[in-house]
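# Notes for the structure review
What follows is each chain in one-letter form.
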Amino acid sequence: MNNPLNMYRETSIKTAGQGKLIVLLYDEVIKNLDKAIAVLDSETKHYDKANNAIIKAQDIITELSASLDFEKGKDIASNLFSLYVYFSRQLMTANLDKDSKPLKPVRNMMYELRAAWKQIENTKETPSGKGSVGVDIAG
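Residues numbered from 1 in each chain as written. Predicted model: local features only at pLDDT ≥ 70, side-chain atom pairs only at ≥ 80, totals over all residues. Heavy atoms only, no water.

## Overview of the overall build of the protein
Within the protein one finds 5 helices and 0 strands. The linear arrangement of helices and strands in the protein, starting from the amino end, is α-α-α-α-α. Burial analysis of the protein (139 residues in total) assigns 32% to the buried set. The contacts in the protein between residues at least 6 apart in sequence include a share of 61% that link residues at least 24 apart. (Helix = DSSP H or I, 4+ residues; strand = E, 2+ residues; numbered from the N terminus. Buried < 20%, exposed > 50% of the residue type's maximum accessible area, 1.4 Å probe, protein only. Contact = heavy atoms within 4.5 Å.)

## What about the nonpolar core?
By size, the foremost hydrophobic cluster in this structure holds 29 residues, and its most contacted members are Tyr26, Leu33, Tyr84, Leu91, Leu103 and Met110. Elements with a minimum of two residues in this core: helix H2 (18-41), helix H3 (47-66), helix H4 (70-97) and helix H5 (103-123). For this core, the leading source of residues is H2, giving 10 residues. Those residues in contact with Leu91 that sit more than four places away from it in its chain are Leu33, Ile54, Ala57, Gln58, Ile61, Leu103 and Val106. (Core = buried A, V, L, I, M, F, W, Y, C linked by side-chain atoms within 4.5 Å.)

## Considerations on the packing of H4 against H5
Put simply, H4 and H5 touch, their axes get as near as 9 Å, and they point 150 degrees apart. Judged by the sense of rotation from one axis to the other, the crossing of H4 with H5 is left-handed. Mapping the contact onto sequence places Leu80, Leu83, Tyr86, Phe87, Gln90, Leu91 and Ala94 in H4 and Leu103, Pro105, Val106, Met109, Met110 and Leu113 in H5. (Axes fitted to C-alpha atoms, helices over the stretch in contact; angles between N-to-C directions. Left-handed = near helix turned anticlockwise from the far one by under 90°.)

## Here we look at unusual backbone geometry
Phi at Lys74 takes a positive value of approximately 45 degrees, unusual for a residue other than glycine. Counting through the fold element by element, Lys74 comes out in helix H4. The phi torsion at Lys98 lies on the positive side, around 55 degrees, for a residue other than glycine. Following the sequence through the fold, Lys98 ends up in the loop between H4 and H5.

Structure below.
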């Protein structure tokens, strides 16, 4: 029997718009970075758990990078791509050195990006609550 929570999550992902999906992906990266930071900063270092969390975050960042539309997004897409490359390098450094320090600025920037996407997603609704005003920064 399927877990109702998993079924709900799957349905909400399948029915989410582009902006909401990006917010969900950022949430997942932040969750994995928090997990890796906690493990690396703990007394009992379980490097395998930190490694797994960092790899998951890297995979999502790679997916975000691959989904950028440079034609529509122009400078914004280019800037996001540069950030994603920086994030990937920081995560790789943290994983190789088994050090949480490179993860912390990435986590903070991801949180800021998530907040911006969340705000964009919230402004898509018109004041009457009907329809979309067409905000699309092609990320």
